[in-house]
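Structure at a glance
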Amino acid sequence: MYTDPAKPWLALNLFWRTFALLALLLSGGVLAWQQTFKVLEAEPRALESAQQLAGLVNLSRVALADTDSINRVAVLSSLERSEAVRVRVAEAADRWQAYDTNAFAKRLAAELRGRLGPNTVVARSVNAEPGLWVRFTIGEDSYWLRTSAAPLSVSLSSNAWWLLLALIVTVLGSALITRLINQPLRELSFAAHRIREGEYDSCLDESTRTSEIREVNMGFNRMARELAKMEDDRTVMLAGISHDLRTPLARLRLEAEMSVPDEQARQFMAQDIDQLDAIICKFMDYARPSELQLQPVPLAEVVEREAQGFRDPEQIRIRVLIPLDLRVWADDTELGRVLLNLFENARRYGHAPGLPTLVEVSHSLQGSWVALQVRDFGPGVPPDKLSRLTTPFFRGDAARTAATGAGLGLAIVEKSVQRLGGQLEISNAPDGGLLTVIRFQKAS
């Protein structure tokens, strides 16, 4: 019986799950290496920058120390107007912010103090003016040296293009690796699906270089061959049993008609023999091979044809509500066998005592699918037995001690629907009766 299991709110197939994990792992590795390079680059750049700044400070200190007070004013005035390096007198009221804000800045400030003296002040702004400021002393006077307004630092901006390229290559490489990993699993999934549909000739590649995949493929191929052999043996066995039983049944019927003088007893014996013959036909239908050629079939025409043999108002009444132009992908004979078993099942069990069976055949469109609905108005089936109705030899009516069937009718329906590529769902109708829904692919 077809069921539609509830899916999790986030359903990912194996490809996307493997891709996400690989991409996350490799992207994290790229970012970790980039951060590592940044940390390893910080100290050499801090030493280089400290050496350059210390050189500028010493140069300014020499230039100011070797001039008299009048010329010093001229030198300061000249340095004040410089764009790259500016030097001005430090005031007691100056407000400044420390430059030691990150690991690189702390390393740079420590290196400058080691080169220029412990009283050296390194700031990132003085009187709200940003830049890299270094305060040094000449005698009793203090001065500020300011370099470019953009503080020296190690950032990701210069390497952004490299990081972006690395992430793109990581994503593409993850997709390629995931595809290569999942390809054998995809082929195995397709082969298992074909086995489920009854195609036992599925063969997986046994020459692949991956030992684990090769062993799995070899085991799967052996399993497929064994299943095919079992299916052939079962079909041959059932065909032989059916053939061997029909011959004595025919002789029994002839002997009963010729030797039993009681007309009623002869009639009952003939009915029992007919019932045994019908049971043999059910076995043959259930053991029928699965290969079918699907083609567009007029649904209403097949339903009307099969309903004609059951339109006995004393036993069953069938109402067909299907448009004549509706076509589905199916096999005409197999679809007729499905309807025959459904109508027979409804005739036997889908009615109230003493009343004929009422059957309504309708349809609904569900996208590219056609849902064929066959419903009776009988007592229905206990909910705990619904899932077992298509089990071979199971009878939903426990009171049927005098076996009037083989218990294969709905099992044949399920197997035939699988051969037709459809979906079967059996349930109790909300207002009573058994409702069977068969979904077929719509044919244009």
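Residues numbered from 1 in each chain as written. Predicted model: local features only at pLDDT ≥ 70, side-chain atom pairs only at ≥ 80, totals over all residues. Heavy atoms only, no water.

Along its length, the protein chain carries 9 helices and 12 strands. Residues classed as buried in the protein chain amount to 35% of the 444 residues present. Intrachain contacts of the protein chain at a sequence separation of at least 6 include 68% that bridge at least 24 residues. Of the accessible surface of the protein chain, which amounts to about 26,400 Å², a share of 59% is contributed by carbon and sulfur atoms. (Helix = DSSP H or I, 4+ residues; strand = E, 2+ residues; numbered from the N terminus. Buried < 20%, exposed > 50% of the residue type's maximum accessible area, 1.4 Å probe, protein only. Contact = heavy atoms within 4.5 Å. Areas by Shrake-Rupley, 256 points an atom, 1.4 Å probe, with all protein chains shown as cover.)

The strand order across the open sheet formed by 5 strands is β1-β5-β4-β3-β2, and the pairing between neighbours is antiparallel. Whereas interior strands pair on both sides, the edge strands pair on one side only; in this sheet they are β1 (86-89) and β2 (96-98). The sheet shows a mean angle of 40° between the axes of neighbouring strands, taken without regard to direction. Alignment of β1 against strand β5 (residues 141-146), held across 4 bridges, turns out to be antiparallel. Bridge assignment links Val 87 to a residue of β5, and that residue is Leu 145. (Pairing = 2+ DSSP bridges. Axes fitted to C-alpha atoms, helices over the stretch in contact; angles between N-to-C directions.)

This part is about the environment of Gly 173. Of note, Gly 173 is situated in helix α4 (residues 160-196). Gly 173 sits 154 residues away from Phe 19 along the chain, and the two C-alpha atoms are 9.5 Å apart.

This part is about the nonpolar core. Grouped together as the largest cluster of nonpolar side chains are 37 residues, with contacts concentrated most on Leu 299, Ile 318, Ile 322, Leu 335, Phe 343 and Val 361. In terms of residue count, helix α8 (residues 332-349) provides more of this core than any other element does, 6 residues in total. Look past the residues within four positions of Leu 335 in its chain and what remains in contact with it is Val 297, Leu 299, Val 302, Ala 330, Leu 420 and Phe 440. The next biggest cluster of nonpolar side chains, apart from the first, holds 22 residues, and it includes Ala 54, Leu 76, Ala 105 and Leu 132. (Core = buried A, V, L, I, M, F, W, Y, C linked by side-chain atoms within 4.5 Å.)

Let's shift gears to the packing of helix α7 (residues 299-308) against α8. Closest axis-to-axis distance for the α7/α8 pair is 9 Å, and the angle between their directions is 50°. Taken together, the axes of α7 and α8 are oblique relative to one another. Between α7 and α8 lies a crossing whose hand is right-handed. Note on element contacts: α8 touches α7 through Asp 332, Leu 335, Gly 336, Leu 339, Leu 340 and Phe 343, opposite Leu 299, Val 302, Val 303, Arg 305, Glu 306 and Ala 307. (Parallel < 35°, antiparallel > 145°, perpendicular 65-115°, else oblique. Left-handed = near helix turned anticlockwise from the far one by under 90°.)

What follows deals with the sheet that holds strand β12 (residues 434-441). Taken together, 5 strands build an open sheet; the order of strands is β7-β9-β10-β12-β11 and the sheet is mixed. With partners counted over all chains shown, the strands left at the sheet margins are β7 (316-320) and β11 (423-428), one partner each. Direction aside, neighbouring strands of the sheet carry axes that sit 20° apart on average. Along the sheet, α7 contacts β7, β9 (357-366) and β10 (369-376); its crossing angle with β7, the most-contacted strand, is approximately 170°.

The subject of this paragraph is the pattern of salt bridges. Counted by the stated rule, this structure contains 11 salt bridges. Arg 337 is the partner of Glu 334 in a salt bridge, and the nearest nitrogen-oxygen pair spans 2.7 Å. Of the two residues, Glu 334 and Arg 337 both sit in helix α8, 3 residues apart, roughly one turn of that helix. The exposure classification of Glu 334 matches that of Arg 337, with both residues buried. One salt bridge in this structure joins Glu 425 and Arg 439, with 3.3 Å as the shortest N-O distance. You can see Glu 425 sitting in strand β11 and its partner Arg 439 sitting in strand β12, a full 14 residues away along the chain. A relative accessible area of 28% means that Glu 425 is categorised as partly exposed. (Salt bridge = Lys/Arg side-chain N within 4 Å of Asp/Glu carboxyl O.)

With that out of the way, let us pick up the confidence of the model for the protein chain. Counting all residues, the mean pLDDT for the protein chain is 77, and 78% of those residues have values of 70 or more. Within the model, the stretch residues 1-7 combines pLDDT values under 50 with 11 contacts to residues more than four positions away or in other chains. For the stretch residues 398-403, pLDDT sits under 50, and the model shows 5 contacts to residues farther than four places along the chain or on other chains. (pLDDT = per-residue confidence, 0-100.)

Applying the stated criterion across every chain yields a total of 2 aromatic pairs. Taken together, a centroid distance of 5.9 Å and an interplanar angle of 25° make the contact between Phe 136 and Tyr 143 stacked. Take Phe 136 and Tyr 143: they sit in the same class, and that class is buried. (Phe/Tyr/Trp six-rings, centres within 6.5 Å; stacked < 30°, edge-to-face > 60°.)

Here we take up the pairing of β11. Two strands pair when backbone bridges link them, and β11 and β12 are joined in this way by 6 bridges, in the antiparallel orientation. Across the sheet, Ile 426 pairs through a bridge with Thr 436, a residue of β12. Between β11 and β12, which pair antiparallel in sequence order, lie 5 residues; one of them, Gly 432, sits at a positive phi of approximately 105°.

Before going further, it helps to examine helix α9 (residues 409-419). The buried fraction of α9 is high, at 8 of 11 residues. Positive backbone phi, at 75°, marks Gly 421, one or two positions downstream of α9.

This part is about empty space enclosed by the protein. Summed over all chains, the structure comprises 1 cavity of 30 Å³ or more. By volume, the largest cavity is sized at about 70 Å³. Among the elements of the structure, α8, β10 and β12 are those that each provide at least two residues to the lining of the largest cavity. A breakdown of the residues in the lining of the largest cavity according to their chemical character gives 5 nonpolar, 2 polar and 2 charged. (1 Å grid on protein atoms, 1.4 Å probe; cavity = no way out; pocket = protein on both sides within 12 Å on 5 of 7 lines; lining within 4 Å. Points joined across faces, edges and corners; volume = space filled by probe spheres on them. Nonpolar A, V, L, I, M, F, W, Y, C, P; charged D, E, K, R; others polar.)

Summarising the element assignment, Asp 274 is placed in helix α6 (residues 263-286). Separated by 24 residues in sequence, Asp 274 and Ala 250 place their C-alpha atoms 9.6 Å apart.

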